[in-house]
Amino acid sequence: WQGAADACEGVMMLVFVLQAVHAGSPWQARYLQHLLRPVATEIPDIRAPVDAVAAMQQELESVAEVVQHSVSATTLGRRHSIWGEFSAFMYAYGQDVDDAEPADVCRFLDSYYPHEHAGTLMPGGSVVAAPHALQNARSLLSAVFRQQGRSQAWRDQDRSGNPCDSTLVVQSLTGYSKI
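Residues numbered from 1 in each chain as written. Predicted model: local features only at pLDDT ≥ 70, side-chain atom pairs only at ≥ 80, totals over all residues. Heavy atoms only, no water.

Draft legend 1. Broad picture of the nonpolar core. Membership of the largest hydrophobic core comes to 21 residues, with the highest contact counts inside it found for Ile-82, Trp-83, Phe-86, Phe-108, Leu-109, Tyr-113 and Leu-141. Every element with two or more residues in this core is listed here: helix H4 (73-92), helix H5 (102-116), helix H6 (131-147) and helix H7 (167-178). Ranked by the residues each element gives to this core, the list is headed by H6, at six residues. (Core = buried A, V, L, I, M, F, W, Y, C linked by side-chain atoms within 4.5 Å. Buried < 20%, exposed > 50% of the residue type's maximum accessible area, 1.4 Å probe, protein only. Helix = DSSP H or I, 4+ residues; strand = E, 2+ residues; numbered from the N terminus.)

Next up, the structure:
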């Protein structure tokens, strides 16, 4: 912010110098040009931030490549599969997967996933997914959200972060495992 403040101050000085020159006061114009000289020599090279962003993007791409190779093909396939199911689930409710919130993840894990991936016979005769299968699904979804840059824990205040890492989702799965 300091650089922006200095630049604004420099622009204001330049305007004042131009007004003084236009008013016909050469002494005032020279004095203000003398004051402006140090500010003008400190103007940063505007290419530096662009170069830094390009370098950072290159580093992020190389990190993504390392991450891609650090996970087994089976796990990548499972992540892709669960993301496809979650995307279709969100689409069926008319929502974009990028806007997913903890309630959406809970609804997916509580209502859709246990019936689509059933394998445990319940006392009443119904067949549902085992609790560890839901934990695995949450873990796979969470990894995909992290890959998309939503690596922070969910924050209700600004409705951002990884919805799989919210208290609501964790409590929902804890309740499911106790049933």
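Following the structure, the description resumes.
Draft legend 2. Summary view of the pattern of salt bridges. Enumeration over the complete set of coordinates arrives at four salt bridges. With a shortest N-O distance of 3.5 Å, Arg-138 and Asp-165 are connected by a salt bridge. On the criterion of sequence distance, the pair formed by Arg-138 in helix H6 and Asp-165 in the loop between H6 and H7 is long-range, its members being 27 residues apart. In this structure Arg-138 comes out as buried when scored by relative accessible area, which is 17%. Exposure remark for Asp-165: the relative accessible area of 28% places this residue in the partly exposed category. A salt bridge links Asp-158 to Arg-155; the nearest nitrogen and oxygen atoms lie 3.5 Å apart. The class of Asp-158 is partly exposed, set by a relative accessible area of 47%. (Salt bridge = Lys/Arg side-chain N within 4 Å of Asp/Glu carboxyl O.)

Draft legend 3. Summary view of the state of the cysteines. One pass over the full model with this rule turns up zero disulfides. Free cysteine: Cys-106, not disulfide-bonded; nearest cysteine sulfur from Cys-164 at 9.2 Å. Exposure remark for Cys-106: the relative accessible area of 9% places this residue in the buried category. On the accessibility criterion, Cys-164 (0% relative accessible area) is buried. (Disulfide = S-S within 2.5 Å.)

Draft legend 4. Inspection of the side chain of Ser-142 at higher detail. By the secondary structure assignment, Ser-142 is in helix H6. By relative accessible area, Ser-142 is classed as buried at 3%. A distance of 3.3 Å separates polar atoms of two side chains, one belonging to Ser-142 and the other to Asp-165. The contacts of Ser-142, once residues within four sequence positions are left out, are Asn-162, Cys-164 and Asp-165. (Polar contact = N/O pair within 3.5 Å; in protein donor to acceptor, adjacent residues only side chain to side chain. Contact = heavy atoms within 4.5 Å.)

Draft legend 5. Up close: the confidence of the model for the protein chain. Within the protein chain, residue pLDDT values average 74, and 59% of them lie at 70 or more. Highest mean pLDDT in the protein chain belongs to H4 (91); lowest belongs to helix H1 (residues 2-23) (52). Low pLDDT, under 50, characterises residues 1-5; the stretch is placed with zero contacts to residues that sit more than four places away or in other chains. (pLDDT = per-residue confidence, 0-100.)

Draft legend 6. Summary view of unusual backbone geometry. Here the phi dihedral of Arg-159 falls at roughly 55°; this positive angle occurs in a residue that is not glycine. Secondary-structure assignment places Arg-159 in the loop between H6 and H7. For Arg-159, a relative accessible area of 44% corresponds to the partly exposed category.

Draft legend 7. Summary view of H4. Here H4 spans 29 Å end to end across 20 residues, near enough to the 28 Å set by a 1.5 Å rise per residue. Taken residue by residue, H4 has Arg-79, Ile-82, Trp-83, Glu-85, Phe-86, Phe-89 and Met-90 as its buried positions. The arc enclosing the buried residues of H4, seen along the axis, measures out at 165°, which places them on a common side. In this structure, H4 carries Ala-73, His-80, Tyr-91 and Ala-92 as exposed residues pointing more than 90 degrees from its buried face. One or two positions beyond H4, positive phi appears at Gly-94, with a value near 75°. (Expected span 1.5 Å × (residues − 1). Arc of directions from axis to C-beta.)

Draft legend 8. Region of interest: the side chain of Ser-172. Inspection of the secondary structure puts Ser-172 in helix H7. Within the structure, Ser-172 has its side chain in polar contact with the side chain of Asp-110 (distance 2.9 Å). Beyond its immediate chain neighbours, meaning those up to four positions away, Ser-172 contacts Cys-106 and Asp-110.

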